[in-house]
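Listed here are the chains, written in short residue letters.
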Amino acid sequence: MKVTVDKDMCIGAGQCVVTAPDVFDQDDDGFVEVLNESPGEGDAEAVRDAAHVCPARVITVEE
């Protein structure tokens, strides 16, 4: 699994951080940061959920 984000399109809702805190964080301006671009199986479902709940649809998950 590979996770990428379009930080320029992020609106700072923070749903990704709430859903997958081991993979996503927010920078000082409140925009998404990826902590782990290649999360393991233990985080896979949370990452998929985070991509689904992101209101700006900035998270891309490649399986």
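Shown above is the structure to which this text applies.
Below: a short report on this structure. All figures in this text were calculated on a predicted structure; none of them were measured in a lab.

1. A short note on the overall build of the chain
Then, in step 1: Along the backbone of the chain there are two helices and four strands.
Then, in step 2: Each helix and strand of the chain, ordered N terminal to C terminal, gives the series β-α-β-β-α-β.
Then, in step 3: Taking the principal axes of the C-alpha coordinates as reference, the chain spans close to 30 × 20 × 15 Å.
Then, in step 4: By residue count, 30% of the 63 residues in the chain fall in the buried class.

2. Details of the state of the cysteines
Then, in step 1: Following the criterion strictly, the structure yields zero disulfides and no others.
Then, in step 2: Here C10 stays free of any disulfide, with the sulfur of C16 as its closest cysteine sulfur at 6.4 Å.
Then, in step 3: Taking the relative accessible area as the measure of exposure, C10 reaches 14% and is therefore buried.
Then, in step 4: C16 provides the cysteine sulfur closest to C54, a residue in no disulfide bond, and the two sulfurs are 6.4 Å apart.
Then, in step 5: With a relative accessible area of 9%, C54 lands in the buried category.

3. Overview of the nonpolar core
Then, in step 1: Counting 14 residues, the largest nonpolar core has C16, F24, A50 and I59 as its most contacted members.
Then, in step 2: For this core, the secondary structure elements donating two or more residues are α1 (15-19) and α2 (41-53).
Then, in step 3: Not counting chain neighbours up to four residues away, the residues in contact with I59 comprise V3, T4, V5, C16, F24, A50, A51 and C54.

4. What to know about unusual backbone geometry
Glycine aside, negative phi is the norm for most residues, and most peptide bonds take the trans geometry.
Then, in step 1: Non-glycine residue R57 carries a positive phi angle of around 55 degrees.
Then, in step 2: As for its placement among the helices and strands, R57 is situated in the loop between α2 and β4 (59-62).
Then, in step 3: Residue class for R57 comes out exposed when judged on its relative accessible area of 56%.

5. Remarks on the pattern of salt bridges
Then, in step 1: Considering all chains together, one arrives at three salt bridges under this definition.
Then, in step 2: One salt bridge in this structure joins K7 and D27, with 3.0 Å as the shortest N-O distance. With a gap of 20 residues between them, K7 in the loop between β1 (2-5) and α1 and D27 in the loop between β2 (24-26) and β3 (32-34) connect regions that are remote in the sequence.
Then, in step 3: By relative accessible area, which is 36% here, K7 ends up partly exposed.
Then, in step 4: Overall, the relative accessible area of 17% leaves D27 in the buried class.
Then, in step 5: Two residues, E33 and K7, come together in a salt bridge whose shortest N-O distance is 3.9 Å. Linking E33 in strand β3 with K7 in the loop between β1 and α1, this pair joins segments that are 26 residues apart in sequence.
Then, in step 6: Salt bridges linked by common partners bring K7, D27 and E33 together as one network.

About the thresholds
Residues numbered from 1 in each chain as written. Predicted model: local features only at pLDDT ≥ 70, side-chain atom pairs only at ≥ 80, totals over all residues. Heavy atoms only, no water. Helix = DSSP H or I, 4+ residues; strand = E, 2+ residues; numbered from the N terminus. Buried < 20%, exposed > 50% of the residue type's maximum accessible area, 1.4 Å probe, protein only. Disulfide = S-S within 2.5 Å. Core = buried A, V, L, I, M, F, W, Y, C linked by side-chain atoms within 4.5 Å. Contact = heavy atoms within 4.5 Å. Salt bridge = Lys/Arg side-chain N within 4 Å of Asp/Glu carboxyl O.

Scope: geometric values only; no functional claims are made or implied.
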